[in-house]
Amino acid sequence: MEFTTLGSNGLSISKICLGTMTWGLQNNQQDANQQIEYSVDQGINFIDTAEMYAVPPSPETYGKTESILGNWLAKNKTQRKDLIIASKIAGAGVPWIRDGGPITGEAVEQAVDESLKRLQTDYIDLYQLHWPNRTSPHFSKHWPNQFKFSDVNAEEHTAQMLDILQGLNRCIKAGKIGHCGLSDDTTWGINTYLKLSEKHDLPRMVSIQNEFSLLHAKDWPYLIENCVHEDIAYLPWSPLAGGMLSGKYLNGVRPEGSRWTLAQRNGLFRDTLAAQKAIAAYAEIAKQNGFTPAQLALAWCAQVDGVSSTIIGATSMSQLQDDIKAFSMPLSEQALTDIESVFKTYPVPF
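Our subject in this report is the structure included herewith. Given the structure is predicted, the values throughout are model-derived calculations rather than measurements.

What counts and how
- Residues numbered from 1 in each chain as written.
- Predicted model: local features only at pLDDT ≥ 70, side-chain atom pairs only at ≥ 80, totals over all residues.
- Heavy atoms only, no water.
- Helix = DSSP H or I, 4+ residues; strand = E, 2+ residues; numbered from the N terminus.
- Rg over C-alpha atoms; globule rule 2.2 N^0.38 Å.
- Buried < 20%, exposed > 50% of the residue type's maximum accessible area, 1.4 Å probe, protein only.
- Pairing = 2+ DSSP bridges.
- Axes fitted to C-alpha atoms, helices over the stretch in contact; angles between N-to-C directions.
- 1 Å grid on protein atoms, 1.4 Å probe; cavity = no way out; pocket = protein on both sides within 12 Å on 5 of 7 lines; lining within 4 Å.
- Points joined across faces, edges and corners; volume = space filled by probe spheres on them.
- Nonpolar A, V, L, I, M, F, W, Y, C, P; charged D, E, K, R; others polar.

### Focus on the overall build of the chain
Move 1: What the chain contains, in helices and strands, is 10 helices and 10 strands.
Move 2: A globule of 350 residues ought to have a C-alpha radius of gyration of about 20 Å, and the chain, at 19 Å, matches this closely.
Move 3: Summarising its shape, the C-alpha atoms of the chain cover approximately 55 × 50 × 35 Å along the three principal directions.
Move 4: Buried positions account for 53% of the 350 residues belonging to the chain.

As C-alpha cells, this is what we get:
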C-alpha cells in the first residue's frame, strides 16, 4: 500500500480511503466488518463516514453507518490508534438533521458529540463539513447560470465560516477531533477558510473531498492546483460516478440491489446519452488492457497529479477486492492516450 500525507497536518494516510455510505442500507454489520477487516489487511488505514449516512439518506438510516463502524471499533479497540477515521457534519436542507438548519459553530459541537457516541471512540481524526451553507457547483450545478454566485452575500457567509471555525477550534481543544476539512466546496471556500484561520489563529482546513472521475473532472486544473500549493489533501469521492463507470448501468440495465434501484436524493442526473457513450468507450479500453471498467476508472483517478487518496465504496467483497487491486495496476502510455481521446470527446458528459 502506498501512503501520503493528509495535507499540512502530516498524518500518514493510505492512497485508498474506504468509503462507507452503503453500510446500514445495502450492507449490514457483517458485511461492513468483512470490508473493514479486508481493507485493513491490505494496508488501508483511512476510513470515511458521515452522520448523514447511509445513502440514499432517510430518517430511518440517519447515523446508522457511523454506528456500524462504531460497533467494529468497540470490538477492535487496539486497532483504533492505527486508523484515520473521518466523518462529516451534514449541511442545510435535510429536515431530520437539526431541523434542516445550516452549519454553525454550535451545530458542529453538537454533531461531533453525537458522532463520537455512535462511533464509540474518544476522537475523530478528520472532521469535515459535508457541504457549505451557500449553494456550490456540485451535483450537476456546474453549468453556467445554474445559480448565481452574485446572489451570495460573501460577507455574511464569511461570518458564518468564522463561526464554524470557532466551533471546530473548541472541539479540537477539547480533544474531540484532530483536524478539519471540507467537502463539496470551491476554491473560494478553501481560500476564505485559510484566510480566516490565519487571521484569527484558528484551525486550518487540511483536506477537501469533491466528486472527481473520468465523467466529472471539473476540479482540474484550478481547484486541484489550489490544493497542491496550499497543502490541502484532495480526496476524490465517487471516482466511479455513482457506479456508472463500472459499466453495470449501460443500456438501461439496473442490477438487483444496486444503488440505482433506490430512490436518489438528487435523481439520476449522471445518466445522460453522452455519459453512456463515454462509458462504453472506456469499457472497451479496459477490455483491451486487461482491466475491468471500474479498475480502469480507479487507476486513472489515482494517477492524476494532485490526488491524495481516492475514496472507494463497494456493496460486495468481490467489488471491493477488484477495486483495491486497481491501485496496483498502472496504466500504460497507450492506455492513457486512448483514455485521453475519449475524455476529450466527452469532457463534461453530465
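### Structural notes on the sheet that holds strand 5 (residues 84–89)
The pairing of strands in a sheet comes from backbone hydrogen bonds and takes either a parallel or an antiparallel form.
Move 1: A sheet is described by the order of its strands in space; here 8 strands give the open sequence 9-8-7-6-5-4-3-10, paired in parallel fashion. Pairing within the sheet leaves two strands with one partner each, and these edge strands are strand 9 (233–237) and strand 10 (310–312). Ignoring strand direction, the axes of neighbouring strands in this sheet form an average angle of 30°.
Move 2: In the sheet, strand 7 (residues 177–183) pairs with strand 8 (residues 205–211) via 3 bridges, with the strands oriented parallel. The residue of strand 8 that forms the bridge with Ser 183 is Gln 209.

### Topic: empty space enclosed by the protein
Move 1: Taken as a whole, this structure holds 1 cavity of 30 Å³ or more when the rule is applied.
Move 2: Considered as a void within the structure, the largest cavity measures approximately 100 Å³ in volume.
Move 3: The element best represented in the lining of the largest cavity is helix 4 (residues 154–173), accounting for 4 residues.
Move 4: When its residues are assigned to classes, the lining of the largest cavity shows 8 nonpolar, 4 polar and 2 charged.

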